[in-house]
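Descriptive analysis of the structure
Given next are the chains, with one letter for each unit.
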Amino acid sequence: MKKSVKYLSFIGLVIAMFMGILDSTVINVTLPSIQNYFGATMSNATWVSTSYLLSVTVFMLPSSKIADQHGRKKLILFGLILFGGFSLASALSKTLGQLIIFRFIQGIGGAIITPLILPIGVNIFGKERLPMVASVGGAISALAAAGGPPIGGVILHYLNWRWVFGINIPFAIISFLFILFFVNESYDETTSKKIDYLGIITLSISMLLIVFALLKSNDYGWRSAVIITSLITGLFIFIIYCLIEEHSDHPMFNFKLFKEKTFTNSCIVYGITGFSLVCPTLVLNYFLQDALRYSALKASLITVVVSLTVIISMPLGTKIAGKVNANLVNCLGLVLIVTSLILLSTVRISTPIENTILFLIINGFGFGFTSQSLVSSVKYLPVSKNGLGSGMVNTARQFGTCLGVAILMTFLSSNVSIAKTNIYDKGKSEIKNSTVSIDVKKELNSQLRKYTKNGTEKISHSKITKDNALRKVIKKSNKPTSKSIFFKLYSSNEQLLKAEENITNTLIKEKSPFSLSVEKLTQSQKIILSKIGMLSQLYGIQKVIKKIKSVMNKQIALAFSKVYLLCAGIVALFIPFGLGTDKRRKNE
């Protein structure tokens, strides 16, 4: 095969893999737009993302096995037809239900095309070029996973949500043509051609139920009957699958692969990398948009730092691993991820954005280094098993991401709920001790309840003071309390008004020609008194809102901080597994 043909073949594979992984995360920033377009609830809109993640995670391993048995080129072409065709269908969806179904089928295409870059790439370049093929695959995987939100943000800013799917179509066509004309067919010659239907069905159902429970646990709640039943049933069917495979003459998956420690440890490291990626791509994105009120585009341009850093860190990690070993690189990557998460936990509302960007750069280096686990996972497997191995390690990353969404987003939701309660309680205390009138305090309490119930929206003095209900209360009840700095001024003017009214009444009784002039003066004095009272209330409101905003900023930042620290702690537990990602070299 000519060198130019080899590279054209590989470009087709890279495009396919990039699209398959990108669509797992690119959709997240467009969900509010999809929700508004179809007039749906956010819970229903999230199914657009969930359906794709479900099918990708569930069907990746079975499709890898079938590709090894019946031809990787045939299957990746079929996967591209599914992916491209249902990207178009998704872009043209008329209902939310259609979009969810089309996304699920699109995900089957994504599950097929994502893991095949390794086995087909090795077939193109040879076993000796495996590190290059795997490192490019790792870089593309990391870039696509981290680049989803920023790419989605840019598309949403300049076009609309339909183009998130529509943009796949030309790339799917290019990839299809490159693979069709330049890639040779390849198989796993050592495996049986018989399909283990029972194994595929039981594994797929068990994975579907388990991954569903993980992805929707935040919506239904971990204690709900739906989630508990789904988890228990999924685990039970998985046990049945293991028993079937143990007695099958032609098992879908050979568990003996796990005897290769570098493969096992690399799968674990790659899985925990997918788990940790939820923080910079999803959790931080919520903070930037919901707490800092950044636009989707601005938030995306900040989180894109992780993707840009991966472009540098992945090749650098490959070079270091080639000269030393993968153990050092994967361990260092996990340490950097933990460090970046601890640093992100220090971010507050007032933290300069430059600090956040620096922390994301550290995270990007960690992510790029740990992506070496994709390379090390298949390093010591037989070439014939690269397809199944690639499917397994990519499934581990997808499963890790689903687990991250389940645990971290549930923890975030819980922390935000606690933060809202604290904000309301402390806000009530601040309102109680404020200098505004009793009626204004009641209305402020009502406003505070509305803000803490609806979300983490920043309390705005201008928004609150423009509220019609509050303005009516201020007009009716605006006498300053004794704590107000306006109290003496108001009291003095109140006494002056009473004196003027007495004088006016006396002049009217005496039918004095000056009575009309004094009466006008009295009316003016009433207006002045009212303005002083209103000014007193507005000043008091401004002070109390400033205090409540301080409480809100602290509590919301603390809620996100706890999520980063939890993720850092979990990732830290898996650092020792990085020491086993190149174990054979150590023993040689």
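Refer to the structure above for everything that follows.
The structure reproduced in this document is the subject of the present report.

Cut-offs used in this document
- Residues numbered from 1 in each chain as written.
- Predicted model: local features only at pLDDT ≥ 70, side-chain atom pairs only at ≥ 80, totals over all residues.
- Heavy atoms only, no water.
- Helix = DSSP H or I, 4+ residues; strand = E, 2+ residues; numbered from the N terminus.
- Rg over C-alpha atoms; globule rule 2.2 N^0.38 Å.
- Buried < 20%, exposed > 50% of the residue type's maximum accessible area, 1.4 Å probe, protein only.
- Expected span 1.5 Å × (residues − 1).
- Bend = angle between axes of the 7 residues up to and from the residue.
- Axes fitted to C-alpha atoms, helices over the stretch in contact; angles between N-to-C directions.
- Parallel < 35°, antiparallel > 145°, perpendicular 65-115°, else oblique.
- Left-handed = near helix turned anticlockwise from the far one by under 90°.
- Contact = heavy atoms within 4.5 Å.
- Phe/Tyr/Trp six-rings, centres within 6.5 Å; stacked < 30°, edge-to-face > 60°.
- 1 Å grid on protein atoms, 1.4 Å probe; cavity = no way out; pocket = protein on both sides within 12 Å on 5 of 7 lines; lining within 4 Å.
- Points joined across faces, edges and corners; volume = space filled by probe spheres on them.
- Nonpolar A, V, L, I, M, F, W, Y, C, P; charged D, E, K, R; others polar.
- Disulfide = S-S within 2.5 Å.
- Salt bridge = Lys/Arg side-chain N within 4 Å of Asp/Glu carboxyl O.

Here's the deal with the overall build of the chain
Of regular secondary structure, the chain possesses 25 helices and 0 strands. Here the C-alpha atoms of the chain give a radius of gyration of 31 Å, more than 25% beyond the 25 Å that 2.2 N^0.38 yields for 588 residues. When its C-alpha atoms are laid out on the principal axes, the chain stretches across 120 × 50 × 50 Å. Taken across its 588 residues, the chain has 55% of its residues classed as buried.

Some points on helix H4 (residues 47–70)
Taking 1.5 Å as the rise per residue, H4 with 24 residues should run 34 Å; its terminal C-alpha atoms sit 33 Å apart, in good agreement. Along H4, the sharpest kink reaches roughly 40°, centred on Met 60 and followed within four residues by the proline Pro 62. In terms of residue burial, H4 counts as a mostly covered element, since 20 of its 24 residues are buried. Gly 71, located one to two residues past H4, shows a positive phi value of around 115°.

Comments concerning the packing of helix H1 (residues 3–25) against helix H5 (residues 72–91)
Two numbers describe how H1 lies on H5: the axes approach to 12 Å, and their chain directions differ by 45°. Considering their axes alone, H1 and H5 lie oblique with respect to each other. Here H1 runs over H5; the crossing is left-handed. From H1, Leu 13, Ala 16, Met 19, Gly 20 and Asp 23 reach across to H5, where they touch Ile 76, Leu 80 and Phe 83.

Considering the packing of aromatic side chains
According to the stated counting rule, one finds 13 aromatic pairs in the structure shown. Ring geometry for Phe 38 and Trp 161: centres 5.6 Å apart, planes at 55°, overall tilted. Here Trp 161 lies in the loop between helix H8 (130–158) and helix H9 (162–166) and Phe 38 lies in helix H2 (residues 31–38), a separation of 123 residues in the sequence. Across the pair, exposure class does not vary: Phe 38 and Trp 161 are buried alike. Aromatic pair Phe 365 and Phe 369: ring centres 6.2 Å apart, planes at 75°, arrangement edge-to-face. Of this pair, Phe 365 and Phe 369 both sit in helix H17 (residues 353–370), 4 residues apart, roughly one helical turn.

Here we look at H17
Compared with an ideal rise of 1.5 Å per residue, which puts 18 residues at 26 Å, H17 spans 26 Å between its outermost C-alpha atoms and is within 8% of the ideal. Among the residues of H17, Thr 356, Phe 359, Leu 360, Asn 363, Gly 364, Gly 366, Phe 367, Gly 368, Phe 369 and Thr 370 are the ones counted as buried.

What to know about the layout of surface pockets
Computed from the structure, the second largest pocket encloses a volume of approximately 630 Å³. Forming the walls of the second largest pocket are 27 residues, and the residues nearest its centre are Met 207, Met 392, Thr 395, Ala 396 and Phe 399. Among the elements that take part in the lining of the second largest pocket, helix H19 (residues 386–432) stands out by supplying 7 residues, more than any other. Across the lining of the second largest pocket, the residue classes tally to 23 nonpolar, 4 polar and no charged.

Remarks on the environment of Gly 333
Note on placement: Gly 333 falls in helix H16 (residues 326–344). Sequence spacing of Gly 333 and Asn 363 is 30 residues, and the spatial spacing of their C-alpha atoms is 8.5 Å. When near neighbours in sequence (up to four residues on either side) are disregarded, Gly 333 contacts Gly 366, Phe 369 and Thr 370.

Digging into the environment of Val 14
Checked against the element boundaries, Val 14 lands in helix H1. Since its relative accessible area comes to 17%, Val 14 is described here as buried. Between the alpha carbons of Val 14 and Val 136 there is a distance of 8.2 Å; along the sequence they are 122 residues apart. In this structure Val 14 touches Ile 117, Val 136 and Ile 140, once residues within four positions along its chain are discounted.

Remarks on the packing of H4 against helix H6 (residues 96–113)
Look at H4 against H6: their axes get within 7 Å of each other, and the N-to-C directions meet at 30°. Relative to H6, the element H4 lies roughly parallel. In this structure, H4 crosses over H6, and the sense of that crossing is right-handed. For the pair formed by H4 and H6, the contact residues are Trp 47, Val 48, Ser 49, Ser 51, Tyr 52, Leu 54, Ser 55, Val 56, Phe 59, Met 60 and Ser 63 on the first element and Leu 96, Leu 99, Ile 100, Arg 103, Phe 104, Gln 106, Gly 107, Ile 108, Gly 110, Ala 111 and Ile 112 on the second. For the contact of H4 with H6, the per-class residue count stands at 14 nonpolar, 7 polar and 1 charged.

Some points on the state of the cysteines
For the structure on display, the rule yields 0 disulfides. Cysteine Cys 279 remains unbridged, with the sulfur of Cys 567 as its closest cysteine sulfur at 3.7 Å. Note on Cys 402: no disulfide assigned, nearest cysteine sulfur contributed by Cys 567 at a separation of 15 Å. Since its relative accessible area comes to 0%, Cys 402 is described here as buried.

Structural notes on the pattern of salt bridges
In total, this model carries 3 salt bridges according to the counting rule given. Residue Arg 72 pairs with Asp 68 through a salt bridge whose shortest N-O separation is 3.0 Å. Note on accessibility: Arg 72 and Asp 68 belong to one class, buried.

Nothing here speaks to function; it is geometry throughout.
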